[in-house]
Amino acid sequence: MPRRVHNFNAGPAALPLPVLEQVQRDLLDFAGSGMSILELSHRSTTYEEVHHQAIADLRMLLRGSEEYAILFMGGGAQTQFALVPMNLLPARAHADYLITGPWSMTALHEAQKLADARVLWSSANTHFDRVPTPPFDYPLDPQSAYLHYTSNNTIVGTQYAVVPEAGDVPLVCDMSSDFLSRPVEASRFGLIYAGAQKNAGPAGVTIVVVRQDLLERCPADLPSPFSYAQVAAKNSLLNTPPVFAIYIVGLVARYLLEQGGLTAIATHNADKARLLYAAIDASAGFYRGLAQPHSRSLMNVTFRLPTPELETRFLTASSAADLIGLQGHRTAGGLRASLYNAVSLTSVQALAAFMEDFQQRWG
Ligand code: PMP
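Residues numbered from 1 in each chain as written. Predicted model: local features only at pLDDT ≥ 70, side-chain atom pairs only at ≥ 80, totals over all residues. Heavy atoms only, no water.

### Topic: the domain arrangement of the protein chain
Domain parsing of the protein chain yields domain 1 (18-258) and domain 2 (260-362). Just the C-alpha atoms count here: the centres of domain 1 and domain 2 sit 27 Å apart. The interface is formed by 25 residues belonging to domain 1 together with 25 residues belonging to domain 2. In this assembly, domain 1 packs against domain 2 so that about 2000 Å² is buried in total across both faces, 53% of it on carbon and sulfur atoms. Linking domain 1 with domain 2 are 0 salt bridges, by the criterion used here. Summed over the shared surface of domain 1 and domain 2, the number is 16 residue pairs in polar contact (both at pLDDT 80 or more). Looking at the side of domain 1 that touches domain 2, the elements that each hand over two or more residues are helix 2 (45-62), strand 6 (152-153), strand 7 (158-159) and helix 6 (243-258). Along the lines of polarity and charge, the residues of the side of domain 1 that touches domain 2 split into 9 nonpolar, 10 polar and 6 charged. (Domains from an automatic or database assignment. Contact = heavy atoms within 4.5 Å. Buried area = accessible area lost by both parts, 1.4 Å probe. Salt bridge = Lys/Arg side-chain N within 4 Å of Asp/Glu carboxyl O. Polar contact = N/O pair within 3.5 Å; in protein donor to acceptor, adjacent residues only side chain to side chain. Helix = DSSP H or I, 4+ residues; strand = E, 2+ residues; numbered from the N terminus. Nonpolar A, V, L, I, M, F, W, Y, C, P; charged D, E, K, R; others polar.)

### Some remarks on the packing of helix 2 against helix 6
Two numbers describe how helix 2 lies on helix 6: the axes approach to 8 Å, and their chain directions differ by 40 degrees. In terms of their interaxial angle, helix 2 and helix 6 are classed as oblique. Helix-helix and strand crossings are classified by hand; for helix 2 and helix 6 the assignment is left-handed. Contacts between helix 2 and helix 6 pair Y47, V50, H51, Q53, A54, D57, L58, M60 and L61 from the former with V243, I246, Y247, V249, G250, A253, R254, L256 and L257 from the latter. Taken together, the residues of the contact of helix 2 with helix 6 sort by class into 13 nonpolar, 3 polar and 2 charged. (Axes fitted to C-alpha atoms, helices over the stretch in contact; angles between N-to-C directions. Parallel < 35°, antiparallel > 145°, perpendicular 65-115°, else oblique. Left-handed = near helix turned anticlockwise from the far one by under 90°.)

### Section: the packing of aromatic side chains
A complete count under the given rule lists 17 aromatic pairs for this structure. On the numbers, 5.1 Å between centres and 75 degrees between planes, the contact of F314 with F358 is edge-to-face. Remark: F358 occurs in helix 9 (residues 345-362) and F314 occurs in helix 8 (residues 308-320); sequence separation between them is 44 residues. Take F314 and F358: they sit in the same class, and that class is buried. Counting every residue linked through ring pairs, the aromatic cluster contains F286, Y287, F303, F314, F354, F358 and W362. (Phe/Tyr/Trp six-rings, centres within 6.5 Å; stacked < 30°, edge-to-face > 60°. Buried < 20%, exposed > 50% of the residue type's maximum accessible area, 1.4 Å probe, protein only.)

Now the structure itself:
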């Protein structure tokens, strides 16, 4: 057996072992083709089957209707920060943004380079320790082109438990770090985008789920690879797609379906997060969570120790115990354990036990 550590990386992150083993089996001779999938034409029927099956399995996981197009695009989530306003925000209109962390702030700033994007709500003045909760009382203009929010804030460790209210304004969500981690009420959204590299697969592909009627907004003079309408019209085969990443997303989607779909995965994820937050809450303040309890993320658990020296000591000792990837984001400091789908309960138990032991030694 190869050595496998407890992987708490924030992204790229842990992938399910059965998926990696399948990739290994397929690598030299994919589906009897005598070639690796890396070496096949993206116009071959062998690849096209992989492509269409990945879309079909994602649609099944999301219980999404044909009313939504599912696209595979390049450029990561940050490219979507620009493509969303380029496609959906006409001149003379404006869009609104809920600002709950550095990524939603960057999304706003990228949109402002192109159009009129406004802050509707922000938790910047409390270090992004919370997200808006019901009743959502921000003054959303019904004329807004869309309302943009970030469902899970990877850096600070907060997450919306409830989809924010948008009335008839199309809701646009950066779901990069909790896509496929829990059921999605697809019909609530105008557009969802997610870089694959947390819960859905490897880096290199971004998944976009867009309501078909919004495609009519995409300006005809946009360069084709930037246009959701053009990419959708070609079923994401407009140019050479990131074939290897899409193939792995397909394997992950199939694996999640076999595990019982997103409801089952959500239960598993909630169990893991509950265990870790309980360890923090039982520490009498030795471990201090960064997020307000009502806004805690089930995906990224962020916390601090009493001093920076103890945090360094914690990181050294945890990595010696094969607990990897626990350093907080460079802008937030402290520690962060990312508990994406492929992180097992056993790994979280190992971390919780390590934390208790560390506190007994140094607390
Ligand atoms: N949004 C969120 C919520 C993220 O977590 C990240 C990456 N960690 C990004 C956007 C940026 O993604 P990318 O590197 O794929 O552009």
